[in-house]
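# Secondary and tertiary structure notes
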Amino acid sequence: MGCLNQKLSSFLNNRWLVFVAAMWIQSCAGIGYLFGSISPAIKTSLNYNQRQVARLGVAKDLGDSVGFLAGSLSEILPLWAALLIGAIQNFVGYGWVWLVVTGRVPVLPLWAMCILIFIGTNGETYFNTAALVSCVQNFPKSRGPVVGILKGFAGLGGAILTQIYAVVHSPDHASLIFMVAVGPTMVVIALMFIVRPVGGHKQIRPSDGFSFSVVYGICLVLASYLMGVMLVEDLVDLSHTVITILTVILFVILLIPILIPVALSFSWEPRTSVEEALLPESQKEGPSKSEDTGEDIIFSEIEDEKPNEVDLLPASERQKRIAQLQAKLAQAAAEGAVRIKKRRPHRGEDFTLMEALIKADFWLIFFSLLLGSGSGLTVIDNLGQMSQSLGYNNTHVFVSMISIWNFLGRIGGGYFSEKIVRDYAYPRPIAMAGAQVIMAVGHFFFAMGWPGAMYVGTLLVGLGYGAHWAIVPAAASELFGLKKFGALYNFLTLANPAGSLVFSGLIASSIYDREAEKQAHGRHPGQHSLLSSFSSFVFLDDPLKCEGAICFFLTSMIMSGLCIIAVVLSMILVHRTKTVYTHLYGRTRR
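Treat the numbers as computed from the prediction; the structure is a model and nothing was measured.

## Focus: the overall build of the chain
The secondary structure content of the chain amounts to 26 helices and 0 strands. Burial analysis of the chain (590 residues in total) assigns 54% to the buried set. Partitioning the contacts of the chain with sequence separation of at least 6, the portion at a separation of at least 24 is 84%. Accessible area of the chain: about 25,600 Å², with a carbon and sulfur share of 65%.

Structure follows, in structure tokens:
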């Protein structure tokens, strides 16, 4: 009985259990991707026009990206409390929208509906923050794969919830809003006490590589299965029984990862502290110096006193030399010879958000992400109009496809960026530069409008856009530490709505309207400007329709150019952080 209790305790405190639970929570954190499915019910019930629905979409994007409060609360509250706040926001926001749409409460003005959508979608930021903070701390040496997998499941959340909704088979489309309000709330409340830091850096096993391979395999199977199911359901009129069976298989695939912590806790003997001590030092240490050590008392004068070659020494020798300098400075301070003060953190150590905001590297990441992910989100937001302008009728096929490529981009971005830092000790942002090159090519295909270009462009932009959200959080945690990771990550996510507002809300819409007006009146577009396009959005004018590759040619070329600029910013960051990554990962290659 005692052995069983010990194994049960080991299971409940296993970092792989936390990781699996975080994956399930993240699968509920993609409700923002369902907006395109729930907006028709809102539009029909409340008699909104397309411009009013677009305002709700802006509120959704802001709610999905503004995570200052989630990041701050995750630092002062236990993670279960942050998850509970997110669940309450999700339930209240979308629950009230459901009540309004179904006529159970009085109709609210548009601004109030925007607030409800914002509150409901903002619950996702708590799910994201809690999942990433706990798992990055539990897997400090596998940040790329962990972030990629978790963000990938968030990208697949919409497809998973859509498949579950297909089982309900309700003629009332408002029931999807009810499912969005209740489903994620129940899942998060059920798992909120599991997702937490459990000292995962002390649970390293030789089998971790195999376990990650299993998870990657499950991710690929899940993506392939969802893609196949969506295509079959689109092409064939399936019976409700078949749809139910397909959904049950989906649940089975989602549950398979739980076998990893079960096997680790119940099938294998737990390792003793002696066995833990036999691990190589490079396996026991996290790659970041952000854990509490004696380095917290490094003095600013050391930077003046230490020779430049100290930075090039191996980590153990470097720390010895710095410790010797510290001792000399402490003695000098005691004798009144020098005045001691604590220095500011350097890259690879723990930063607060305010300290990070004065670092050039932080802004290089932000603007590179803004240009890269912003251009990708522009495609996602306009994919329906882009496909329609090229003569495609089944626009939702491209929406489903880009969701799958987005998922695979996040998985692949985490995997390949981790290989780069592990095998070559090279800065992770080089992977982001590669993703932005892929996106630049994808935008070029969109601009050309060749036969089949929609499929190629969707593939390339989806992969590149998804890779950003695996690479950026991992790189931020390496350069600026884990202690304030929640606040740092949620600030960086502001790049997404900022890019969408400028690139999609102003540039893309202005060019599209100008080309549509040109086609409608058979003359040169005249003085249609960015300002008039924005005023059209504000005052809810009826949109014009454009046909042909010309509709998004200039927009796509601009997006391609912005991605090239993002590549330049990423390469500058790579150059600036080579020494940091050599210190963090160079010792693991020996």
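Moving on, there is more to tell.
## Observations concerning the nonpolar core
Counting 63 residues, the largest nonpolar core has Phe19, Ile149 and Leu150 as its most contacted members. Among the elements that take part in this core, helix H10 (residues 208-235) stands out by supplying 11 residues, more than any other. If you look at the next biggest cluster of nonpolar residues, it comprises 59 residues, including Phe480, Leu492, Phe503 and Cys546.

## Some points on the state of the cysteines
Within the structure shown, the criterion is met by 1 disulfide. Covalent S-S linkage joins cysteine 546 and cysteine 551, the inter-sulfur distance amounting to 2.0 Å. Linking cysteine 546 and cysteine 551, the disulfide has an S-S dihedral of approximately -95° and is accordingly described as left-handed. Taking the relative accessible area as the measure of exposure, cysteine 551 reaches 0% and is therefore buried.

## Some points on the side chain of glutamine 436
By the element assignment, glutamine 436 lies in helix H20 (residues 429-448). In this structure the side chain of glutamine 436 is engaged in a polar contact, spanning 2.8 Å, whose partner is the side chain of serine 368. Of note is the side chain of glutamine 436, whose polar atom sits 2.9 Å from the side chain of serine 570. Aside from chain neighbours lying at most four places away, what touches glutamine 436 is Ser368, Gly372, His468, Cys563, Ala566, Val567 and Ser570.

## Looking at helix H6 (residues 79-101)
The end-to-end C-alpha distance of H6 is 33 Å, a good match for the 33 Å that 23 residues give at a rise of 1.5 Å each. Looking one or two places after H6, you find glycine 103, whose phi comes out positive at around 80°.

## Notes on a nonpolar patch on the surface
Together, Phe444, Trp450, Ile550, Phe553, Leu554 and Met557 make up a nonpolar patch on the protein surface, roughly 510 Å² of accessible area in all. For the nonpolar patch, the leading source of residues is helix H25 (residues 550-576), giving 4 residues. Inspection of the secondary structure assignment puts methionine 557 in helix H25. The exposure class assigned to methionine 557 is partly exposed, which follows from its relative accessible area of 32%.

## Topic: the side chain of threonine 247
For threonine 247, the position within the fold is in helix H11 (residues 240-255). There is a polar contact of 3.1 Å between the side chain of threonine 247 and the side chain of glutamine 163. If sequence neighbours within four positions are ignored, threonine 247 has contacts with Gln163, Ile164, Val167 and Tyr225.

## Brief notes about the environment of leucine 357
Mapping leucine 357 onto the fold places it in the loop between helix H17 (353-356) and helix H18 (360-389). Classification of leucine 357 as partly exposed rests on a relative accessible area of 21%. Linking leucine 357 and leucine 488, residues 131 residues apart in sequence, is a C-alpha distance of 9.3 Å. For leucine 357, the residues in contact, after removing those within four places along its chain, are Phe362, Trp363 and Phe491.

## Concerning the pattern of salt bridges
By the definition in use, this model includes 7 salt bridges. Close ionic contact of lysine 484 with glutamate 75 constitutes a salt bridge, the shortest N to O distance being 3.5 Å. Pair noted here: lysine 484 is in the loop between helix H21 (453-480) and helix H22 (485-492) and glutamate 75 is in helix H5 (residues 68-76), with a separation of 409 residues, a long-range link. Residue class for lysine 484 comes out partly exposed when judged on its relative accessible area of 25%.

## So, the packing of aromatic side chains
Enumeration according to the criterion identifies 28 aromatic pairs in this entry. Between phenylalanine 351 and phenylalanine 480 the ring centres are 5.1 Å apart and the planes differ by 85°, which places this aromatic pair in the edge-to-face class. With phenylalanine 351 in the loop between helix H16 (315-334) and H17 and phenylalanine 480 in helix H21, this residue pair connects regions lying 129 residues apart in the sequence. Chaining the aromatic ring pairs together yields one cluster made of Phe68, Phe351, Phe362, Trp363, Phe366, Phe367, Phe480 and Phe491.

## Structural notes on helix H7 (residues 110-138)
Over its 29 residues, H7 extends 43 Å from the first C-alpha to the last, a length consistent with the 42 Å expected when each residue adds 1.5 Å. Here H7 lies mainly inside the structure; 24 of its 29 residues are buried.

## Some words on the packing of H18 against H22
At a closest axis distance of 10 Å, the pairing of H18 and H22 adopts a crossing angle of 40°. As judged from the angle between their axes, H18 and H22 are oblique. Residues Phe362, Trp363, Ile365, Phe366 and Leu369 of H18 touch H22, and the partners they reach there are Leu488, Phe491 and Leu492.

## Notes on the environment of methionine 571
Tracing the chain through its elements places methionine 571 in helix H25. Under the relative-accessibility criterion, methionine 571 is labelled partly exposed at 36%. Methionine 571 sits 207 residues away from leucine 364 along the chain, and the two C-alpha atoms are 9.7 Å apart. In contact with methionine 571, other than residues within four places in its own chain, are Ile430 and Ala433.

## Here's the deal with the environment of alanine 41
Within the secondary structure layout, alanine 41 lies in helix H3 (residues 35-46). When the C-alpha positions of alanine 41 and tryptophan 98 are compared, they lie 9.7 Å apart, and in sequence the two are 57 residues distant.

## Focus on unusual backbone geometry
Positive phi outside glycine occurs at asparagine 47, with the angle close to 55°. With respect to the secondary-structure elements, asparagine 47 resides in the loop between H3 and helix H4 (50-65). With a phi close to 50°, alanine 425 is a non-glycine residue in the positive phi region. Position of alanine 425 among the secondary structure elements: in the loop between helix H19 (395-424) and H20.

## Digging into the packing of H7 against helix H8 (residues 143-168)
A pair of packed helices is captured by two measures, namely the crossing angle of their axes and the spacing between those axes. Contact pair H7 / H8: the axes reach a minimum separation of 10 Å and the direction vectors enclose 160°. The angle between H7 and H8 falls in the class roughly antiparallel. The hand of the H7/H8 crossing is right-handed. Contacts between H7 and H8 involve Asn128, Ala131, Leu132, Cys135 and Val136 from the former and Arg143, Val146, Val147, Leu150, Lys151 and Ala154 from the latter.

## Overview of the confidence of the model for the chain
For the chain, per-residue confidence averages 81 on the pLDDT scale, and 81% of positions sit at 70 or higher. Within the chain, no element has a lower average pLDDT than helix H13 (residues 273-277), which sits at 37, and none a higher one than H20, at 96. Across residues 271-301 the pLDDT falls below 50, and counting only partners more than four positions away or on other chains, this stretch makes 66 contacts in the model. With pLDDT under 50 throughout, residues 523-528 is counted as low confidence; its partners more than four residues away or in other chains account for 10 contacts.

What counts as what
Residues numbered from 1 in each chain as written. Predicted model: local features only at pLDDT ≥ 70, side-chain atom pairs only at ≥ 80, totals over all residues. Heavy atoms only, no water. Helix = DSSP H or I, 4+ residues; strand = E, 2+ residues; numbered from the N terminus. Buried < 20%, exposed > 50% of the residue type's maximum accessible area, 1.4 Å probe, protein only. Contact = heavy atoms within 4.5 Å. Areas by Shrake-Rupley, 256 points an atom, 1.4 Å probe, with all protein chains shown as cover. Core = buried A, V, L, I, M, F, W, Y, C linked by side-chain atoms within 4.5 Å. Disulfide = S-S within 2.5 Å. Polar contact = N/O pair within 3.5 Å; in protein donor to acceptor, adjacent residues only side chain to side chain. Expected span 1.5 Å × (residues − 1). Patch = residues over 30% accessible without salt bridge, like charges linked within 9 Å, V, L, I, M, F, W, Y side chains within 5 Å. Salt bridge = Lys/Arg side-chain N within 4 Å of Asp/Glu carboxyl O. Phe/Tyr/Trp six-rings, centres within 6.5 Å; stacked < 30°, edge-to-face > 60°. Axes fitted to C-alpha atoms, helices over the stretch in contact; angles between N-to-C directions. Parallel < 35°, antiparallel > 145°, perpendicular 65-115°, else oblique. Left-handed = near helix turned anticlockwise from the far one by under 90°. pLDDT = per-residue confidence, 0-100.

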